[in-house]
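Survey of secondary and tertiary structure
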Amino acid sequence: MAAGFTPLEALQTATINPARFFRNGKPTRHVEKGKLADLVLLSANPLEDIANTQKIGRCHRERPYFYRAELDKMLGRVENAARRQR
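The shown structure was predicted, so the numbers you read here are calculated from the model rather than taken from an experiment.

1. A word on the overall build of the protein chain
Regarding its fold elements, the protein chain presents three helices and three strands. Moving toward the C terminus, one meets the helices and strands of the protein chain in the order α-α-β-β-β-α. In the protein chain, which comprises 86 residues, the share counted as buried stands at 9%. In the protein chain, the share of contacts with a sequence separation of at least 24, taken over all contacts with a separation of at least 6, comes to 26%. Carbon together with sulfur atoms contributes 56% to the accessible area of the protein chain, which is approximately 7400 Å² in total.

2. Things to note about the confidence of the model for the protein chain
Taken as a whole, the protein chain shows an average pLDDT of 78; of its residues, 72% reach a score of 70 or greater. Mean pLDDT values for the elements of the protein chain range from 72 in strand 3 (residues 65–67) up to 89 in helix 1 (residues 7–14).

Thresholds applied
- Residues numbered from 1 in each chain as written.
- Predicted model: local features only at pLDDT ≥ 70, side-chain atom pairs only at ≥ 80, totals over all residues.
- Heavy atoms only, no water.
- Helix = DSSP H or I, 4+ residues; strand = E, 2+ residues; numbered from the N terminus.
- Buried < 20%, exposed > 50% of the residue type's maximum accessible area, 1.4 Å probe, protein only.
- Contact = heavy atoms within 4.5 Å.
- Areas by Shrake-Rupley, 256 points an atom, 1.4 Å probe, with all protein chains shown as cover.
- pLDDT = per-residue confidence, 0-100.

Written out as structure tokens, the structure reads:
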């Protein structure tokens, strides 16, 4: 990895470490039935290759799930809107 981190260290640096810092040591929340959560499910293991963080299988933001095809449609709409702004 270019920054010298292993994939695990890069993931921790981007997720767990900031959460711990901003919560000042308070316990982090867990994904459980009945709790709201933002969750990204990857289609490949990021511990094997950090580039796999770009392989999003589906995304869950509170409710409902967004599957890959839906995410691609949303991304297309955003890209089109950005082109019109130029």
